[in-house]
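Read off the chains here:
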Amino acid sequence: MASAIKNLSHKAERAAVGAIIDQYLKHVKAKEDRSESYIKILELTQKFIGNEKNKETFKKVCEVAKDPNNRWVKFINRVVDETDPRLLKQFVLNLGYEAFLRGTKLIRENREKYNCNIPWLILFDPTDACNMHCKGCWSGTYGHKNNLSFEDMDKIITQGKELGVYLYMLTGGEPLVRKKDILRLAEKHNDVEFAIFDNSTLIDDDFCKELLRVGNITFLLSIEGTPETNDARRGEGHYEAAMRAMDLFKKYGIIFGTSVCYTRENIEAVTSEDFMRMLSEKGARYGFYFHYMPVGNNAVPELMPTIEQRTRMIEQIRYIRSSECDVEFYPMDFQNDGEYVGGCIAGGRNYFHINASGDAEPCVFIHFSDRNIHDHSILEMLQGPLFKAYHEGQPFNRNHLRPCPMLENPELLRKMVEKTGAHGTNAESEESVEHLCAKCDKYSEEWGAQADKIWAEQTHRPASYENYTEEKRMHPELSGFEHADGTNDIKSAETDEEDVEEKKAV
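Residues numbered from 1 in each chain as written. Predicted model: local features only at pLDDT ≥ 70, side-chain atom pairs only at ≥ 80, totals over all residues. Heavy atoms only, no water.

**Digging into the overall build of the chain**
The criterion, for reference: Counting from the N terminus, the helices are DSSP H or I runs at least four residues long and the strands are E runs at least two residues long. Note on definitions: a residue-residue contact is assigned when non-hydrogen atoms from the two residues lie within 4.5 Å. We get accessible surface area from the Shrake-Rupley algorithm with a probe of 1.4 Å; when it comes to residues, only the shown protein chains can shield them.
The secondary structure content of the chain amounts to 20 helices and 11 strands. Relative to all contacts within the chain whose residues are 6 or more apart in sequence, the contacts with residues 24 or more apart total 75%. With an accessible surface of roughly 21900 Å², the chain has 53% of that area assigned to carbon and sulfur atoms.

Laid out in structure tokens, this is it:
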């Protein structure tokens, strides 16, 4: 009975929020000066959150919203103008209200209740099947044998929502091999937002019309620079397919972004201002950048960026996001933006991955598991030994330019896999943790020295939300993972700021 009343309350609240969003979006669409509407939306958000700590931040954001010439106000205006109205409302309702406001509150409560990581999003693979064979990618070698059933995917989302998770990302394989099941899933769970990492080759007019009908699917299209740098890794004709998909999404007003794997061979092409300006003109408004990871027995470690290239990557991405640049595209760097999210977000801290066999992996790049969706609930996965080791060890390094327990701290992944007895999940040929981490040891050492230098020269702020208890802040040794020299990298962001001030004084 209590559950039914709670659900009724949620439905009533969602309907009320939807009506308010409708009203505000009509005002925004109708007016040249949209500042008043944006400020009202911000005020509504602040009331919902009810957090005294954020008042000053909201005040600053409201000041920005009053300036129609501000770069990010122009950016938002363009999204509003170019997006199909129904999709825009659903995007704001699902990602804004359900995931960001209501979901975050529920997630934080459940983290305290269950004393484990509860993610903000869940990434899963509908299938291993892929119609491409990109150089250095493990997915193209997996074959077509592993698939999550519709019932598996429905279970993931149903149980995820109970914990507060309202954002689901799909990868693979090529997710659209399961196009019909994905549309059916989006229809059944119309209160969540889906984001699909996609290779563009299966997108056509008919599918775009279906996207408008369901209203809650966005895309991240794989693209890697120029036709030459892109097709050298992804195969001849892929660049053209990606351009065609972007044109279709822009035509139908479908929100989309991009997904870029940056390597030693393409990093200059994919970070150039001209490239990002082209993406903006095509209609992409945001993009995720992923450092190439040497995962799998057939990986190509030589594709990992050089230390100099990664340094320039940090500088370029932050320049593109700065007020000095006018490109209406927002790039996010999965490996180098750790400062803004408190380090590693995997292991369920903010996300985790379920592969096409049903194995719960801490990260899409960490192919080890000790729980499976066919035998365990989402909560039981998060409470398993491997994910609890992540929970106890995060952040894995006080320097958030070295967030990953594999790429930058390989000794820690070795310890966690050994301690928990997690098994390998590579579907082609199982890779030992030693084989994987050995490919990262030299890189970790070389990047560590450079990352520490960059970190010491910068001023840092605490992340807006960190998944660490007060006890762990005061007693970092509770993480249970120490380096060979006996030191432990767990340290609060407040202490980091003190260190920066000390260095400035010196």
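This is not the end of the story, as more comes after the structure.
**Some points on the side chain of Glu193**
Heads up, the condition is: With a 1.4 Å probe rolled over the protein chains alone, any residue whose accessible area is under 20% of its type maximum counts as buried; one over 50% counts as exposed, and the rest are partly exposed. Charge assignment: positive for Lys and Arg, negative for Asp and Glu; neither His nor the chain ends contribute. Any carboxyl oxygen of Asp or Glu within 4 Å of a side-chain nitrogen of Lys or Arg constitutes a salt bridge here.
Locating Glu193 in the fold gives a position in strand S3 (residues 193-198). Buried charge without a salt bridge: Glu193, with Arg14 as the nearest opposite-charge side chain at an N-O distance of 8.0 Å. Leaving out residues up to four positions away in the same chain, Glu193 has contacts with Gln90, Phe91, Asn94, Tyr166, Leu167, Tyr168, Asn216, Ile217 and Thr218.

**Some thoughts on the environment of Asn266**
Stated precisely, the cut-off is as follows: The term polar contact refers here to a pair of N or O atoms within 3.5 Å; inside protein, the definition further demands a hydrogen-donor-capable atom paired with an acceptor-capable atom, and it admits residues adjacent in sequence only when both atoms are side-chain atoms.
Relative to the helices and strands, Asn266 is located in the loop between strand S5 (256-262) and helix H11 (267-271). The sequence separation of Asn266 and Pro305 amounts to 39 residues, and the corresponding C-alpha distance is 9.1 Å. Look past the residues within four positions of Asn266 in its chain and what remains in contact with it is Glu224, Thr229 and Cys261. Side-chain polar atoms of Asn266 contact the backbone nitrogen of Thr263, separated by 2.8 Å.

**Focus on the pattern of salt bridges**
Two side chains bearing opposite charge may form a pair once their charged atoms approach each other closely. Enumeration over the complete set of coordinates arrives at 28 salt bridges. Here Glu408 ties to Arg310 by a salt bridge, and the two come within 2.9 Å at their closest N and O atoms. Of this pair, Glu408 sits in the loop between helix H15 (385-393) and helix H16 (410-420) while Arg310 sits in helix H13 (residues 307-320); the two residues are 98 residues apart in sequence, bridging distant segments of the chain. Residue Arg310 is classed as buried on the basis of its relative accessible area, which comes to 0%.

**Thoughts on the sheet that holds strand S4 (residues 217-222)**
Two modes of strand pairing occur in sheets, parallel and antiparallel, and in both the strands are linked by backbone hydrogen bonds. What counts is decided by this rule: Should DSSP find at least two bridges between two strands, the strands are regarded as paired. In this description, a line fitted to the C-alpha atoms serves as the axis of each element, helices being fitted only across the stretch in contact, and the angle between N-to-C directions of two axes falls anywhere from 0 to 180 degrees.
A sheet is described by the order of its strands in space; here 9 strands give the open sequence S7-S6-S5-S4-S3-S2-S1-S8-S9, paired in mixed fashion. A strand with exactly one partner marks an edge of an open sheet, and here the two such strands are strand S7 (330-333) and strand S9 (360-361). Pairing analysis gives 5 bridges linking S5 to strand S6 (residues 286-291), with the strands arranged parallel. Following the sheet pairing, Thr258 is matched in S6 by Gly287. Along the sheet, helix H12 (residues 273-282) contacts S5, S6 and S7; its crossing angle with S5, the most-contacted strand, is approximately 155°.

**Regarding empty space enclosed by the protein**
We apply this condition: Site definitions follow a grid-based scheme: protein atoms alone, a 1 Å grid, a 1.4 Å probe that fits but cannot get out for cavities, and for pockets an open set with protein on both sides within 12 Å along at least five of seven lines, plus lining residues having an atom within 4 Å of a point. Grid points are joined across faces, edges and corners, and a volume is the space filled by probe spheres set on the points. Each residue is assigned to one of three groups, with Ala, Val, Leu, Ile, Met, Phe, Trp, Tyr, Cys and Pro labelled nonpolar, Asp, Glu, Lys and Arg labelled charged, and all others, Gly among them, labelled polar.
Overall, the coordinates contain 9 cavities of 30 Å³ or more when judged by the stated rule. Considering only enclosed or pocket space, the largest cavity measures out at about 100 Å³ in volume. Forming the walls of the largest cavity are Val79, Glu82, Thr83, Phe249, Lys250, Gly253, Ile254, Ile255, Phe256, Gly283 and Arg285. Breaking the lining of the largest cavity down by element, the ones donating at least two residues are helix H4 (71-82) and helix H10 (238-252). Residue classes in the lining of the largest cavity are distributed as 5 nonpolar, 3 polar and 3 charged.

**Describing the packing of aromatic side chains**
Rule in force here: Two aromatic rings, drawn from Phe, Tyr or Trp (for Trp, its six-membered ring), form a pair once their centres lie within 6.5 Å of each other, and the interplanar angle then sorts them: stacked below 30 degrees, edge-to-face above 60, tilted otherwise.
On inspection of all chains with the given rule, the structure shows 16 aromatic pairs. Ring plane angle 70° and centroid distance 5.3 Å describe the contact between Trp72 and Phe75, whose orientation is recorded as edge-to-face. Here Phe75 and Trp72 lie together in helix H4, a separation of 3 residues that amounts to about one turn. Since its relative accessible area comes to 24%, Trp72 is described here as partly exposed. A ring pair is formed by Tyr390 and Phe396, whose centres lie 5.3 Å apart and whose planes are at 90°; its orientation type is edge-to-face. Feature note: the residues Phe197, Tyr286, Phe288, Phe290, Phe334, Tyr351 and Phe365 constitute an aromatic cluster, connected by ring pairs.

**Some points on unusual backbone geometry**
Along the chain, Gly172 connects to Gly173 via a cis peptide bond; the corresponding omega equals 20°. Residue position: Gly173 is located in the loop between strand S2 (167-170) and helix H7 (179-188). The peptide bond linking Gln394 to Pro395 adopts the cis configuration, its omega dihedral lying at -5°. Relative to the helices and strands, Pro395 resides in the loop between H15 and H16. Backbone geometry places Ser200, a non-glycine residue, at a positive phi of 80°. Tracing the sequence through the fold places Ser200 in the loop between S3 and helix H8 (205-214).

**Some remarks on H15**
Because an α-helix packs 3.6 residues into every turn, residues spaced three or four apart end up facing the same way. Of all 9 residues that make up H15, 7 are buried, and the element is covered over most of its length. Taken as a whole, H15 has its buried residues at Leu386, Phe387, Lys388, Ala389, Tyr390, His391 and Gly393.

**Overview of the confidence of the model for the chain**
Selection criterion: Looking at any residue, its pLDDT shows the predictor's confidence there, from 0 to 100.
The predicted model of the chain averages 86 in pLDDT, with 86% of residues at 70 or higher. Confidence drops under pLDDT 50 across residues 464-506; counting only partners more than four residues distant or on other chains, this segment forms 73 contacts.

**Observations regarding the environment of Lys251**
Tracing the chain through its elements places Lys251 in helix H10. Through-space distance from the C-alpha of Lys251 to that of Asp84 is 9.7 Å; in sequence the pair is 167 residues apart.

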